[in-house]
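Chain by chain, the residues run as shown.
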Protein chains: 4
Amino acid sequence: SIQDRERTMDSKHQQLFTRYQHTRKLSRDIVEPLQPEDLVIQSMPDASPIKWHLAHTSWFFETFLLKPFLTGYRPFQSQFEYLFNSYYNHVGPQYLRKNRGLISRPTVTEVQEYRQYVDDNIATLLTRPLSEATLNLLELGINHEQQHQELMLTDIKHAFSFNPLFPALADHQPQPQPIAALNWQEYAGGEQMIGYRGTGFHFDNEGPAHPVLLPPFKLATRLITNGELQDFVDDGGYKNPLLWLSDGWAWLQGNAIAQPLYWQQMEGQWHHYTLSGLRPLLQHEPACHLSYYEADAYAQWCGKRLPTECEWEVAAQQQPLDNSGLHLGRLHPHCGTDPASAQATLQQLYGSCWQWTQSAYSPYPGFKPATGAVGEYNGKFMCNQQVLKGSSCVTPQGHSRASYRNFFPAHAQWQFTGIRMADDV
Amino acid sequence: SIQDRERTMDSKHQQLFTRYQHTRKLSRDIVEPLQPEDLVIQSMPDASPIKWHLAHTSWFFETFLLKPFLTGYRPFQSQFEYLFNSYYNHVGPQYLRKNRGLISRPTVTEVQEYRQYVDDNIATLLTRPLSEATLNLLELGINHEQQHQELMLTDIKHAFSFNPLFPALADHQPQPQPIAALNWQEYAGGEQMIGYRGTGFHFDNEGPAHPVLLPPFKLATRLITNGELQDFVDDGGYKNPLLWLSDGWAWLQGNAIAQPLYWQQMEGQWHHYTLSGLRPLLQHEPACHLSYYEADAYAQWCGKRLPTECEWEVAAQQQPLDNSGLHLGRLHPHCGTDPASAQATLQQLYGSCWQWTQSAYSPYPGFKPATGAVGEYNGKFMCNQQVLKGSSCVTPQGHSRASYRNFFPAHAQWQFTGIRMADDV
Amino acid sequence: SIQDRERTMDSKHQQLFTRYQHTRKLSRDIVEPLQPEDLVIQSMPDASPIKWHLAHTSWFFETFLLKPFLTGYRPFQSQFEYLFNSYYNHVGPQYLRKNRGLISRPTVTEVQEYRQYVDDNIATLLTRPLSEATLNLLELGINHEQQHQELMLTDIKHAFSFNPLFPALADHQPQPQPIAALNWQEYAGGEQMIGYRGTGFHFDNEGPAHPVLLPPFKLATRLITNGELQDFVDDGGYKNPLLWLSDGWAWLQGNAIAQPLYWQQMEGQWHHYTLSGLRPLLQHEPACHLSYYEADAYAQWCGKRLPTECEWEVAAQQQPLDNSGLHLGRLHPHCGTDPASAQATLQQLYGSCWQWTQSAYSPYPGFKPATGAVGEYNGKFMCNQQVLKGSSCVTPQGHSRASYRNFFPAHAQWQFTGIRMADDV
Amino acid sequence: SIQDRERTMDSKHQQLFTRYQHTRKLSRDIVEPLQPEDLVIQSMPDASPIKWHLAHTSWFFETFLLKPFLTGYRPFQSQFEYLFNSYYNHVGPQYLRKNRGLISRPTVTEVQEYRQYVDDNIATLLTRPLSEATLNLLELGINHEQQHQELMLTDIKHAFSFNPLFPALADHQPQPQPIAALNWQEYAGGEQMIGYRGTGFHFDNEGPAHPVLLPPFKLATRLITNGELQDFVDDGGYKNPLLWLSDGWAWLQGNAIAQPLYWQQMEGQWHHYTLSGLRPLLQHEPACHLSYYEADAYAQWCGKRLPTECEWEVAAQQQPLDNSGLHLGRLHPHCGTDPASAQATLQQLYGSCWQWTQSAYSPYPGFKPATGAVGEYNGKFMCNQQVLKGSSCVTPQGHSRASYRNFFPAHAQWQFTGIRMADDV
Ligand SMILES: [Fe+3]
Ligand SMILES: [Fe+3]
Ligand SMILES: [Fe+3]
Ligand SMILES: [Fe+3]
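Here is what the cut-offs are and how they apply
Within every chain, residues take consecutive numbers counted from 1 along the sequence as written. All chains are assigned letters beginning at A, and all ligands numbers beginning at 1, according to the order in which they are written. The predicted nature of this model means local features are confined to residues of pLDDT at least 70 and side-chain atom pairs, given and counted, to a pLDDT of 80 or more, with totals for whole chains, interfaces and linings taken over all residues. With hydrogens and water set aside, each side-chain value is computed from the structure's full complement of heavy atoms. Numbered from the N terminus, helices here are DSSP runs of H or I no shorter than four residues, and strands are runs of E no shorter than two. Atoms counted for the radius of gyration: C-alpha only. Globule rule: 2.2 Å times residue count to the power 0.38. For every residue, the accessible area obtained with a 1.4 Å probe (protein chains only) is divided by the maximum for its type, and the residue is called buried under 20%, exposed over 50%, and partly exposed between those limits. Residue contacts are defined here by distance: any two heavy atoms, one from each residue, within 4.5 Å place the two residues in contact. Exposure was quantified through the Shrake-Rupley algorithm and a 1.4 Å probe, taking into account, for residues, occlusion by the shown protein chains and nothing else. His is not counted, nor are the chain ends; Lys and Arg add positive charge and Asp and Glu add negative charge. Charged side chains are reduced to one point each, which is NZ for Lys, CZ for Arg, CG for Asp and CD for Glu. Least-squares fitting of one copy onto the other uses the C-alpha atoms of those residues that reach a pLDDT of at least 70 in both copies. Any two strands between which DSSP finds at least two bridges are classified as paired. The criterion is simple. A nonpolar core is a set of buried Ala, Val, Leu, Ile, Met, Phe, Trp, Tyr and Cys residues joined through side-chain atoms within 4.5 Å. Two parts placed together each lose some accessible area under a 1.4 Å probe, and the buried area is that loss summed for both. The term salt bridge refers to a side-chain nitrogen of Lys or Arg lying within 4 Å of a carboxyl oxygen of Asp or Glu. Two N or O atoms count as a polar contact when they lie within 3.5 Å, although within protein this holds only if one can serve as hydrogen donor and the other as acceptor, and sequence-adjacent residues are included solely when both atoms are side-chain atoms. Following the grouping adopted for this structure description, the nonpolar residues are Ala, Val, Leu, Ile, Met, Phe, Trp, Tyr, Cys and Pro, the charged ones are Asp, Glu, Lys and Arg, and the polar ones are all others, Gly among them. Any pair of Phe, Tyr and Trp rings, taking the six-membered ring for Trp, is counted once the centres come within 6.5 Å. Such a pair is stacked with planes under 30 degrees apart, edge-to-face with planes over 60 apart, and tilted for the rest. In our convention, an over-ring charge means Lys NZ or Arg CZ found within 6 Å of a ring centre and within 35 degrees of that ring's normal. Counted as coordinating are nitrogen, oxygen and sulfur atoms within 2.8 Å of the metal, or 3.2 Å for Na, K and Ca, while water is not included, which may make sites look incomplete. Only the stretch in contact is used when a helix axis is fitted, and all axes are lines through C-alpha atoms; the angle between N-to-C directions ranges over 0 to 180 degrees. pLDDT runs from 0 to 100 and stands for how confident the predictor is about each residue. Orientation categories follow fixed angle ranges, with anything under 35 degrees roughly parallel, anything over 145 roughly antiparallel, 65 to 115 roughly perpendicular, and all other angles oblique. Two helices that cross are described as forming a left-handed crossing if the nearer one is turned anticlockwise from the farther one by less than a right angle, and a right-handed crossing if clockwise. When the sulfur atoms of two cysteines come within 2.5 Å, that pair is taken as a disulfide.

**Observations concerning the overall build of chain A**
Phase 1: Helix and strand counts for chain A stand at 11 helices and 12 strands.
Phase 2: Relative to its length of 425 residues, chain A is compact, with a C-alpha radius of gyration of 22 Å against a globular reference of 22 Å.
Phase 3: By its C-alpha atoms, chain A is 65 × 55 × 40 Å across when sized along the principal axes.
Phase 4: Counting only residues that meet the buried cut, chain A has 61% of its 425 residues in that class.
Phase 5: For chain A, restricting intrachain contacts to residue pairs at least 6 apart in sequence, the fraction spanning at least 24 positions comes to 80%.
Phase 6: For chain A, the computed accessible surface area is about 15,900 Å², with 51% contributed by carbon and sulfur atoms.
Phase 7: Within chain A, the 41 negative side-chain charges are centred at a point lying 5 Å from the centre of the 31 positive side-chain charges.

Structure (structure tokens):
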């Protein structure tokens, strides 16, 4: 049994295996309230069926750990290499991304068997002596699955939003609350270090750490709320080209967008679809699911701007890492006004909404992707994307860092993305 | 129980109810070997998820029978009126057709409950006195479900064909056979009656029956085979614009089509995807899944032409109705060379492949759609479609008629459509 | 000189040459008020720049007469074979249709030189003995250029309509007039002959003449007016799916069409763009530039229908051919209420607006396209098109016939197309 | 006359007016060899007809100088405000960009009259006392017209390339030459100033000047040649996904791109379209018309990278400004190997090809767009664009600066864009 094998691992392997198991279990917990039908659907090319995420995260371990390092390993199904490869050209060709929602087989049950088979073999692998590089790949695989856990939740939210029955995955029913004042915290700027400098896990795009020069700046102490965003909507923000980036205005027109994603008027009141169903909009909650274009237009409307990624990171370095994140009963951004967090200078750095920065996603000076397939993990996306900092209410706990660089195209709305404003001093 | 109620029906109602039950059971039998995951996927806007077909056929009975005629009937779920309306503007707005594959809820189980609920209430309805018109609507609903049974099978075949695992629904493994000679049968033409003239069920588009004048003509006694179509492919048929209708050539180029649908080369041999999986192409089987453009180009290549719908119908009137059609263990076009059919003059009129005609789908002289919603059943599609005659290997038994007018756009390939050639005398 | 050569022709050649010259001059007259800039623009793939029409009509004579039949003929420019081939695959590949508006060279002047060169060589050709078949090709070329003359005017109207300066090509300023009553003329139907039966020029698609059986029917004695169409618009005709063919409603939605082409509201009054500029809509004028979808929806709204092509032709056979058509000072549909035409039973059969029929464009029984390239003239378009009968205010005079079969896809709006209603008796 | 008015200007106004006249004349000189037909065509939404450029540059002076500052000024034509507004939402709505090629009127002659009218009134304006801000707007207008002069030439090259006659605008016939070795120049990095620091004209996006920290780096002393790029092509560079950014590979596939823009094989030899017609590819000339994706893939293939904008600017600051640029007889990138430039450390910084940088186009710290319409000049494009440095062979002389920030989307190919490689030290 897996338990037997676990007992024979050395303690470092055991520790890693515990984290592996914990992460694998979270994937199972996420899908537990869902039906097989829910796991198959794909609402757009950018999103994937949950079943695909479940299989692909196992494919990652199979491809990068089991096939190269477990002697005698027999692949679960030879065509999975093709079916569940996301974008690794070093590994081989990939099934067409936009058609992932057409793949009813393997069934959910078969994918669960695949997951079990991979778990079993990872346990065997960890009873063997392994190089540091191999263990690093396992840690990468764990973090990779955590990233896909966030995507499972954003993707199913997007898919469910097309259903007039508005299915719910959680049962979180918050009440109206008072809105905290929007305060500003000043920072001196100057020469500062950016990028990951510790000894733990981090993605390659977080390094090399390097100095930067910053002018003085200030950041809003909390995220923009639904109420504030509604003021923008009511003021004609979505109809005024003067507020928008040129590409943003073209995106708005081309897609006939007139309000934030998931918002809809019902009987004269704004509602929005949440993972607990369709609900009246609460004024005090953080505005969420905004594209970079919307975030930038909102900031323009206020006469402010969005932070750079360096500004955000420098400010975050001065605060302890707040370990909020995914709670399966909530799945909704928090307001950061609970007593614990109230002492923090900047609220909602983590675990509420990702925060758009005005920084395009570019390599840090001296960045070199790893050789081989895992070198495709981050580097090849460094074009036409904006950096997001922090983390969201669907980011697994323990997955946040000040140096973390998330990235999405400027039009992406379906992630839990919000606005922290910045300004020059 | 339904059985109790059945006993209280008068015999005419009983008879109809038996046919109702038989048809409803066939839908259940069709999906029996499938998994819930299979029932959700939609491969293109023209196709629908099988789950949607299961629900929509029930919606038809609920909307046109139960709601108007069963006093006190309570709809199963109020939003199903919107979700499972296909195209009846008289009934109300419809959920976006191309997004049907995003609807994971209601689940398959819930749709089965919906079906049971409708069955139950139809049984109740039939214990009451009902007008002729109401009974006709019930018969229309039965025939409507039969049409959707054919679509369930063509739609799942299309969806499965995108899966590199090539899932199978049946296990039909035919062997190579000799190919019957292609003979021609002559017909004198002259003044002939066209359209349905009996007293049984028929769709509104089959009438009014009316006389037409035809020149003499001849028809091929069997359908074109895979082997004959392969000759066309090998001769560069898909690369020669001189053989194609102008729209057909544009369709070929615009979609980069170089061989028939479901055909693929593997190790130097043509294979095709069937509902029993990927198989080597058998030369003697009827060529299938051809668009009108392909059928017409093939006929051009032979120096022949396709029949008109009148020619086909006049010829078919002279033969007994052959009751071949859907067998769940086969799901593949038959060759018409079994002893029973060998006596027939024209082979494979029914139950193998639908046969394209050169006739555009137009109203017969004096055609008037029914008033109200069911008037939308056929009439509003009388533009940009070609008539197909006969029936196919996935048409339920008992659903074929010489006067039957099936219709699809010229580019449609995913139905079981083949070629019967015609020529002037 | 051409005059010298003309004198040496025999009288049959002379007669044909006179018609040739007359037609060629009309093309020059059409473009006379235009600027070089106007002749280059292409507003959509379905339309062509006028310069292209001028060159292509010359290409037709060069390709089908001069190259094969004039010994020693040297092509004007070798690449014109490719550049000005419309769709003749027998001749060779064609420059991409949608890019015709990118071809600034040859300039207008060079195209005029090309035209002169072709004229010159045609004159030479006609001094030689020529077969009947060759003379028929010349007559085809003349009729071909007439068809393109109509297209020059419809295409430039479409292109000019995008210009907010609304350029004018004519100066026709009609005044409001009383509207003639809409009367109906009955026809007995029965066995009737359809198709061209004379000895003059006709297109291949007008034959073979053949008998058809028609039920009794009636036709409106005049075309539908702007005022009547406006009633349809005001009654929400463009917003009511119940009136539209399924494809028509999809076309309306997909293109956000809410009123007839070229109509626009200005200061609370409907205006429309005409070839004499933007003008207030006159109630009594024939409604024009309607797609088949719009024509059919209008007829539905009236509880009537459109005629079949046979009905229209049978009715037209009973009236003398009315030689109205293109007047360069008008370029706008006439009302048919002038004294001369008032005696005719059916007004506006010709020279006002083409009249949509409910007949799809199909081959007549026994139709065989000519062998070789000119066989591509008509036959390959016999799919997805509706037949139009009559002719329009931009059809050159002398180009109309009762048996004429014009054809366009159901969505086409930019031709001068109107509505004559029909009904069963 | 304009000459009379010029004599009454004060000397500062006179100087500016001389530059104004010089720039206006260059626009006339550019179009001198072209025909009216050439000036109307638009090959893609990103490009504009030359006639539009001629009018729009005049519109700029009319809108931002004459209307606000010349008392009693009467606009030339009221609808030009709409027709020739490019993207200034402060000014008002704009004619649809992608339809600019449909505007045949005003004719070329009328646009020339418009230009003369504007010139005339600018001369009058300059006889009046004007604020510094107004004079700055005039200088902006001059630089704006220079930018459009470059676009006129890139846009007509793109449009001409669709013509199989390959029209020529110049007659430049270079010969093969030896290829200079590719050397590298090292730079120490450290804290450096970036951005415009002088007192002359510069665009708002070049400031504020600010310090940056750079690691040591090196730059190639010349641009990549056609021969080197051909090695990449021959090595399968366009078929190997491992070399490309993710978006770049998608762009390649989606547009079926297999070689550089304007390249085509003829009789086994690479040719490319130039503004002197179709010519055999010369190995020693700078590779040109590359997208950022192609430039990046080439650098990957070499194991190198592209420079950042800061690296390029720091290196360029150490060299005198080389005033090469547009020569109407050449219109083709130079090789930088003439004796004069050979002494420069870095060849071809200016006047050959724009040089892609890996820097996304973002605001400099503290950047604030001007208030009002001219604030739309640069700021609203700061998303989804890459910075290009230097200038090209179609950049007007005197328009280059080390701090100049040109920007285009990563897929843009039709500008004269090449590759200068960089690497870490
Ligand atoms: Fe992944
Ligand atoms: Fe249906
Ligand atoms: Fe033509
Ligand atoms: Fe401009």
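There is more to say, and it comes next.
**A word on the arrangement of the chains**
Phase 1: Structurally, chain A and chain C remain out of contact, their C-alpha atoms never closer than 13 Å.
Phase 2: Left apart from each other, chain B and chain D have a closest C-alpha approach of 13 Å.

**Observations concerning the relation of the copies chain B and chain C**
Phase 1: When chain B is fitted to chain C, the best match, at an RMSD of 0.0 Å, comes from turning it 180° and sliding it 0.0 Å along the axis. Viewed as a symmetry operation, the transformation between the two copies matches a two-fold axis. Minimal C-alpha distance to the rotation axis in chain B is attained by Asn384 of chain B, lying at 2.5 Å.
Phase 2: The residues that chain B uses at the interface reappear at the interface of chain C in 100% of cases, marking a shared surface.

**Quick word on the pairing of strand E9 (residues 386-389) of chain C**
Residue and element names in this part refer to chain C.
Phase 1: Here E9 shows two buried faces, one formed by Gln386 and Leu388 and the other by Val387 and Lys389.
Phase 2: As paired elements, E9 and strand E10 (residues 406-408) share 3 bridges and run antiparallel to each other. Each residue of the ladder has a partner; that of Val387, found in E10, is Phe407.

**A closer look at the sheet that holds strand E11 (residues 417-418) of chain D**
Phase 1: Taken in spatial order, the 4 strands make up an open sheet running E10-E9-E8-E11 (chain D), and their pairing is mixed. The sheet terminates laterally at strand E10 (406-408) and E11 of chain D, the two strands that pair on one side only.

**As for the nonpolar core**
Phase 1: Membership of the largest hydrophobic core comes to 104 residues, with the highest contact counts inside it found for Phe64, Ile122 and Trp244 of chain C.
Phase 2: Non-local contacts of Trp244 of chain C, meaning those with residues more than four positions away in its chain, are made with Lys380 of chain B together with Phe232, Gly237, Tyr238, Trp249, Trp251, Leu252, Tyr293, Glu294 and Ala297 of chain C.

**Comments concerning the interface of chain A and chain B**
Phase 1: Listed per partner, the contact involves 32 residues of chain A and 32 residues of chain B.
Phase 2: Summing the contributions of chain A and of chain B, the shared interface buries around 2,500 Å²; its carbon and sulfur component is 62%.
Phase 3: Taken as a group, Glu37, Leu102 and Arg105 of chain A account for 28% of the area that chain A buries against chain B, more than any other trio of residues on that side.
Phase 4: Our enumeration of links across chain A and chain B arrives at 2 salt bridges.
Phase 5: Residue Arg105 of chain A is joined to Asp38 of chain B by a salt bridge in which the shortest nitrogen-to-oxygen separation is 2.5 Å.
Phase 6: Where chain A packs against chain B, one counts 12 residue pairs in polar contact (both at pLDDT 80 or more).
Phase 7: Among the elements of the structure, helix H4 (80-83), helix H5 (108-125) and helix H6 (132-160) of chain A are those that each provide at least two residues to the side of chain A that touches chain B.
Phase 8: Class assignment of the residues belonging to the side of chain A that touches chain B gives a composition of 18 nonpolar, 11 polar and 3 charged.

**Some words on the packing of aromatic side chains**
Residue and element names in this part refer to chain D.
Phase 1: Summed over the entire model, instances satisfying the criterion amount to 148 aromatic pairs over all chains.
Phase 2: Ring geometry for Trp312 against Tyr350: centres 5.9 Å apart, planes inclined by 85°, an arrangement best described as edge-to-face. With a gap of 38 residues between them, Trp312 in helix H10 (residues 309-317) and Tyr350 in the loop between helix H11 (339-342) and strand E8 (354-360) connect regions that are remote in the sequence.
Phase 3: Taking relative accessible area as the criterion, Trp312 reaches 0% and is therefore assigned buried.
Phase 4: Against the face of Trp52 rests Arg100, its NZ or CZ located 3.6 Å from the ring centre.

**Here we look at the coordination of the iron ion (ligand 2)**
Phase 1: Each protein donor to the iron ion (ligand 2) is listed here as His56 of chain B (NE2), His144 of chain B (NE2) and His148 of chain B (NE2); together their distances run 2.2 Å.
Phase 2: The exposure class assigned to His148 of chain B is buried, which follows from its relative accessible area of 9%.

**Focus: the coordination of the iron ion (ligand 1)**
Residues and elements named next belong to chain A.
Phase 1: Bound to the iron ion (ligand 1) on the protein side are His56 (NE2), His144 (NE2) and His148 (NE2), at distances that span 2.2 Å.
Phase 2: In primary-sequence terms, the residues that donate to the iron ion (ligand 1) follow H-x87-H-x3-H. Highlighted residues: His56 in helix H3 (residues 50-69) and His144 in helix H6, separated in sequence by 88 residues. For the residue pair His56 and His144, the accessibility class agrees, reading buried in each case.

**Brief notes about the interface of chain B and chain C**
Phase 1: In this assembly, 32 residues from chain B lie in contact with 32 residues from chain C.
Phase 2: A combined buried area of about 2,400 Å² lies between chain B and chain C, and 57% of that area is made up of carbon and sulfur atoms.
Phase 3: Along the contact surface separating chain B from chain C lie 2 salt bridges.
Phase 4: Asp424 of chain B is the partner of Lys368 of chain C in a salt bridge, and the nearest nitrogen-oxygen pair spans 3.5 Å.
Phase 5: Where chain B meets chain C, there are 8 residue pairs in polar contact (both at pLDDT 80 or more).
Phase 6: At the level of elements, strand E3 (210-214), helix H8 (246-254), helix H9 (292-301) and strand E8 (354-360) of chain B are the ones that each hand at least two residues to the side of chain B that touches chain C.
Phase 7: Per element, the largest residue contribution to the side of chain B that touches chain C is 3 residues, and it comes from E3 of chain B.
Phase 8: Its residues assigned to classes, the side of chain B that touches chain C comprises 17 nonpolar, 9 polar and 6 charged.

**Some details on the sheet that holds strand E4 (residues 217-220) of chain C**
Residue and element names in this part refer to chain C.
Phase 1: Read across the open sheet, the 3 strands follow the order E1-E4-E12; overall the sheet is antiparallel. Each edge of the sheet is formed by a strand with only one pairing partner; in this case those strands are strand E1 (184-187) and strand E12 (422-424). Averaged over all pairs of adjacent strands, the angle between strand axes in this sheet comes to 25°, irrespective of strand direction.
Phase 2: Inspection of the sheet shows E4 paired to E12 by 3 bridges, in the antiparallel sense. Looking at E12, one finds that Lys218 is bridged to Asp423.
Phase 3: Sheet strands touched by helix H10 (residues 309-317): E1, E4 and E12. Its angle to E4, the strand with the most contacts, is close to 75°.

**Let's talk about the confidence of the model for chain A**
Phase 1: Taken residue by residue, chain A gives an average pLDDT of 96. The fraction at 70 or more is 98%.
Phase 2: On the interface metric, ipTM, the complex scores 0.97, and its pTM is 0.97.

**Describing helix H10 (residues 309-317) of chain A**
Since the α-helix packs 3.6 residues into each turn, any two residues three or four apart lie on the same face.
Phase 1: Counting buried residues in H10 of chain A gives 8 out of 9 residues, a clear majority hidden from the surface.
Phase 2: Every buried residue of H10 of chain A is listed here: Glu309, Cys310, Glu311, Trp312, Glu313, Val314, Ala315 and Ala316 of chain A.

**Comments concerning the packing of helix H2 (residues 11-31) of chain D against helix H3 (residues 50-69) of chain D**
All names here are of chain D.
Phase 1: One can describe the packing of H2 onto H3 by two numbers: an axis separation of 10 Å at closest approach and a directional angle of 165°. The angle between H2 and H3 falls in the class roughly antiparallel. Here H2 runs over H3; the crossing is left-handed. Counted together, Tyr20, Arg24, Ser27 and Val31 of H2 and Ile50, Leu54, Thr57, Ser58 and Phe61 of H3 form the full contact between these two elements.
Phase 2: Split into classes, the residues belonging to the contact of H2 with H3 amount to 5 nonpolar, 3 polar and 1 charged.

**Concerning the packing of helix H2 (residues 11-31) of chain A against H6 of chain A**
Residues and elements named next belong to chain A.
Phase 1: Between H2 and H6, the least distance of the axes is 10 Å, while the angle of their chain directions is 15°. Taken together, H2 and H6 sit at an angle that is classed as roughly parallel. Crossing of H2 against H6: the hand is left-handed. Residues Lys12, His13, Leu16, Arg19, Tyr20, Thr23, Arg24, Leu26, Ser27 and Ile30 of H2 pack against Glu132, Leu135, Leu138, Glu139, Ile142, Asn143, Glu145, Gln146, Gln149, Met152 and Leu153 of H6.
Phase 2: In terms of residue class, the contact of H2 with H6 is built from 9 nonpolar, 6 polar and 6 charged.

**Observations regarding the state of the cysteines**
Phase 1: In this structure the tally under the stated criterion is 0 disulfides over all chains.
Phase 2: Its sulfur unpaired, Cys393 of chain A is 6.0 Å from the next cysteine sulfur, which belongs to Cys288 of chain A.
Phase 3: Judged by relative accessible area, which is 2%, Cys393 of chain A ranks as buried.
Phase 4: Just so you know, Cys383 of chain C is unpaired, no disulfide at all, and the nearest cysteine sulfur is the one on Cys383 of chain B, 11 Å from it.
Phase 5: Given a relative accessible area of 3%, Cys383 of chain C falls into the buried group.

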